[in-house]
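# Chains, contacts and geometry: an overview
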Amino acid sequence: MIKAEQKPFEEILEYLAPYNKILLSGCGACVTVCHAGGEKEGALLASALRMARQKIGKPLEILESTPARQCEPEFAQELSDTIGRVQAILSVSCGVGVQTLARHFPATQIFPGVNTTFLGETVAHGVWEERCQACGDCILEKTAGICPIARCAKQLLNGPCGGSSNGKCEIKRETDCAWQLIYDRSKSLGQLHRLTEIIPAKQWGVQSRDSGPRRIVREDLKV
Amino acid sequence: MSTFEPKIVAFCCEQSGLPALEMAKTLKLKMPDNLELVPVPCSGRIETLYLLKALESGADGVVVFACYEENCQYLQGNVRLKSRVGYAKQIMTKIGLEGERLEIFHVATNSGVKFSEFLMQKADQLRLLGPNLGKIA
Ligand code: SF4
Ligand code: SF4
């Protein structure tokens, strides 16, 4: 899922300084799971913002809403009535949700309340790690299900660099070397022979973000 | 003379804080004048939002009476509470609210005297600190 972290409180206060009535919109999907912008975190942020503004004698009225998925037009549309009653929106969904609202409500100023950080998994309570960079041409079948694009600092495709040591990456000593993980898992699966196959350089300019924003179209689903 | 009487919201775990309160009442011990008691089945039921909401909606100070560590009926309740109070304090720092406005106090079922003494001291401390300027009254 998409992982995010709340922006520094001071930064959010600065965005909202000119306003006295806003909508704080959370999202019931990814940012709820990583505790950055679901209903609970949204309510906490709203409470903190109200108190901070009250304290400086500039009260801020905050309406709160958490669509099930802010990045889906049907759910974003649910906010239509509320938008007319506020001067600005603070969205604590990922950057996609922010843009969905920006597209649907062109006359309303919108601010992001979180930094959208990566696509990752929960590895322990309160700990999330990056797992995929949406490269557009998945090669996990060749790398024992471990992604060298997201998890190797140098995005190496055919084995480790010379800095791999004791299973750790030379760039960050606390991080596992992706290629050590790939090797160990391939070995335990009896699949080491797969690593003899050379993985060609990725076509970054074709499938990845490097060729501009990507689009998926399914003709059969269009109405 | 200041007439400010701080409002204290006291969450009381039913396994420790509440019996301690009952004992304090039986012994007719002193209690602060402006006190709101909120019983909870376990201190682990208290979410960070409850603590912040209490401050937002009028409390000058928030106290949680919880069981001693490793003495929670539900094993981890007071450990969870500790993390949540820690998180609430981080948020309070960002808002600019003093840390003294939120505190956990561990009691046993027979701690009636401690219960009363702690609240009376907390009221004195908050009187000196002055009103919570973030509350929306
Ligand atoms: S190879 Fe590409 S699509 Fe597959 S997990 Fe890695 S970044 Fe994601
Ligand atoms: S040590 Fe491993 S993970 Fe780090 S850059 Fe080298 S190959 Fe990649």
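A short tour of the structure in this document, coming up. (Residues numbered from 1 in each chain as written. Chains lettered and ligands numbered in written order. Predicted model: local features only at pLDDT ≥ 70, side-chain atom pairs only at ≥ 80, totals over all residues. Heavy atoms only, no water.)

In this section: the site of ligand 1. Around ligand 1 sit A:C132, A:Q133, A:A134, A:C135, A:C138, A:I139, A:L140, A:C147 and A:I149, and those are all the residues in its vicinity. Here the shell around ligand 1 is built from residues that sort into 8 nonpolar, 1 polar and no charged. (Near = heavy atom within 4 Å. Nonpolar A, V, L, I, M, F, W, Y, C, P; charged D, E, K, R; others polar.)

This brings us to the packing of helix 3 (residues 39-55) of chain A against helix 3 (residues 77-95) of chain B. In contact at an axis separation of 9 Å, helix 3 of chain A and helix 3 of chain B are set at 35 degrees when each is read in the N-to-C sense. Here helix 3 of chain A runs over helix 3 of chain B; the crossing is right-handed. For the pair helix 3 of chain A and helix 3 of chain B, contact is made by A:E41, A:L44, A:A48, A:M51, A:A52 and A:K55 and by B:Y87, B:I91 and B:I95, respectively. Its residues placed into classes, the contact of helix 3 of chain A with helix 3 of chain B shows 7 nonpolar, no polar and 2 charged. (Axes fitted to C-alpha atoms, helices over the stretch in contact; angles between N-to-C directions. Helix = DSSP H or I, 4+ residues; strand = E, 2+ residues; numbered from the N terminus. Left-handed = near helix turned anticlockwise from the far one by under 90°. Contact = heavy atoms within 4.5 Å.)

Across all of its chains, the model carries 21 salt bridges over all chains by this definition. Between A:E11 and A:K7 there is a salt bridge; the shortest N-O distance is 3.1 Å. By relative accessible area, A:E11 is classed as partly exposed at 28%. Among the ionic pairs, B:D124 bridges to B:R127, the shortest N-O distance being 2.8 Å. Residue B:D124 and its partner B:R127 are located together in helix 4 (residues 112-129), separated by 3 residues, close to a single helical turn. When its relative accessible area of 35% is taken as the criterion, B:R127 is described as partly exposed. (Salt bridge = Lys/Arg side-chain N within 4 Å of Asp/Glu carboxyl O. Buried < 20%, exposed > 50% of the residue type's maximum accessible area, 1.4 Å probe, protein only.)

Turning our attention to the pairing of strand 5 (residues 109-112) of chain A. All names here are of chain A. Note that strand 4 (residues 88-91) and strand 5 share 4 bridges and pair parallel. Across the sheet, residue A88 finds its bridge partner in strand 5, namely Q109. In this region the chain leaves strand 4, passes through helix 6 (residues 95-104) and returns to the parallel neighbour strand 5; the handedness of that crossover is right-handed. (Pairing = 2+ DSSP bridges. Right-handed = clockwise from strand over helix to strand, strands pointing away.)

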